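# Coordinate analysis (summary)
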Amino acid sequence: MDSIIETQRQTHEEIERYETALYSLLSRNQPTHEIRIQTEHKAAQVLDRISSRAQNDLSEFYARLVKIQDHYNKYPDAVAGGFDMELAAILEEGNQDGLDDDYEEEDPISLLFSGEEAYGKYVDLYANHTTYNNLKNISKRLPYLQYLDILLAAQNDLLHGELSKEARATKDYEMYIQHLHDYLLSFVKRTQPLVDIQTKHQEAEAEFYQKWDAGEFVDWDENQTAKRLANADGAGEGMWCSACQKSYSKKTVYDAHLTSKKHLKAIAKQAASDTPPQNPNGTHTSTAQPASNGQLLKSRLRNSALLTYLATSLLVVLVPTISETKSNVERRFSLTAREREQELLEQAKPPPAPTNPSGDTAAEEEEEERIYNPLKLPLGWDGKPIPYWLYKLHGLGVEYRCEICSDHVYMGRKNFDRHFQESRHAFGMRALGLPNTKHFHEITRIEDALSLAEKLKQEGRHEIFEQETMEELEDDEGNVYNRKTYEDLKKQGLI
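Residues numbered from 1 in each chain as written. Predicted model: local features only at pLDDT ≥ 70, side-chain atom pairs only at ≥ 80, totals over all residues. Heavy atoms only, no water.

Secondary structure assignment for the chain yields 22 helices and six strands. The burial tally for the chain puts 26% of its 495 residues in the buried class. Long-range pairs, those at least 24 residues apart, make up 54% of the contacts in the chain between residues at least 6 apart in sequence. Roughly 33900 Å² of accessible area belongs to the chain as shown, and the carbon and sulfur atoms make up 52% of that amount. (Helix = DSSP H or I, 4+ residues; strand = E, 2+ residues; numbered from the N terminus. Buried < 20%, exposed > 50% of the residue type's maximum accessible area, 1.4 Å probe, protein only. Contact = heavy atoms within 4.5 Å. Areas by Shrake-Rupley, 256 points an atom, 1.4 Å probe, with all protein chains shown as cover.)

Attention shifts here to the state of the cysteines. Across all of its chains, the model carries zero disulfides by this definition. In this model Cys 241 remains outside any disulfide bridge; the closest cysteine sulfur is found in Cys 244, 3.7 Å from its own. Take Cys 241: its relative accessible area is 3%, and that puts it in the buried class. (Disulfide = S-S within 2.5 Å.)

Glancing now at the pairing of strand β3 (residues 399–402). Across four bridges, β3 lies against strand β4 (residues 408–411) in antiparallel orientation. Looking across to β4, one finds that Arg 401 is bridged to Val 409. The hairpin turn running from β3 into β4, its antiparallel successor, is five residues long, and Ser 406 in that turn takes a positive phi close to 65°. (Pairing = 2+ DSSP bridges.)

What follows concerns the nonpolar core. In this structure, Leu 125, Leu 151 and Leu 180 are the most contacted members of the largest nonpolar core, which totals 45 residues. Put simply, the parts of the chain that give this core at least two residues each are α6 (144–152), α8 (171–191), α9 (197–214), α13 (288–317) and α14 (319–333). Residues contacting Leu 151, with those up to four places away along its chain left out, are Leu 125, Leu 159, Leu 180, Leu 315 and Ile 322. Core analysis: the next-biggest nonpolar cluster, separate from the first, contains 13 residues, Cys 405, Tyr 410, Ala 449 and Ala 453 among them. (Core = buried A, V, L, I, M, F, W, Y, C linked by side-chain atoms within 4.5 Å.)

Written as structure tokens, this is what we have:
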């Protein structure tokens, strides 16, 4: 087994490589909502791996060692070196080359969302809306759009302030707000994997307990609500007969059954039995029942208030998403069945390959045109001005003028020397009736070129004007002659 130092070094190396992979993920272009969600989920996985690597607990090490041993015992042919493969799998972008258009890669992120949520663009609150309409003591049943308006109003005030205290203190409301809170928390985790929602959730819970102890929730006064509900429950229980083990809603019916034969037999049987009569609420003392009911109501009310406060904090985060959901529902109401089917088919199509829009191209071209070059330095291979030291090293600030090239100016000695072999200078020499040979190198004035040509003619270098003496020909035997000698010998029949 490796030493502790080597293990720590390897751990730090893995953390650095994970950080590099995280940078590569977050620096990618994210043209669509689906690609953004996928990238954030992959980044969250990388952060979880970094957190797991940062732990120095040996118990965690041995627990992972046992898992690794069990894995290789179960799969003895598994490939070693899975860390590089793990990084490659994280950075893999799927079928980006478009080589196999018919192949549909399974997207694990899409399995986290329902069809109504559309990859996290909208919320799916139809089940919660149905549960809300089935609550007791509500004034009226609301359609789905008005229910979304109530949730949107949570950004200004506590959720469900429109409900009465009796409705919020029921068991049904507690179950409803529990399911709504669980869904909103799950939705935020799925759509915003990089946000530490657990920490914010704990902070909101601690803030609720402070406000609850300070008595800031006036509408959730547990004492008044519990007392009101207890009185309502006591009035609604009716009359209970312990001998008959039966409840009567009206006193007249209860008084009438006291003289019945069944009631008299039940009393006689109860007197002969040693066991006490059963209580419908499950307690044996009448004084303990009201106290337990009051404690249960207070606990239920406090739990409902906590869940309502936490759901309100989550709804504030999801206000843009709920607004988009409302707009989408209104738009779908105006579509026909055929249009909805066509929309589903278009959503099922893969997104097009990202291309640079014309606006970005125009902006890039405009930036290239606005290159800052106050010294008028020549441009390099990358389209940018060359460094000033390189400009001075090559003497690009010295001007060389050539009269033969129609007074063209060449910047730098290198460009000036090269221009004697270029077409511009050769055309100027042909216009003067002179050959562009090495004798005229470094000659830039027309007068100097003509005087040099006259001097070469006087010295007997007739190769300038007599091209036939400069051209060489070879006979069948390999002898070399100039053109004039070759033609003379051929006319005489000697060749």
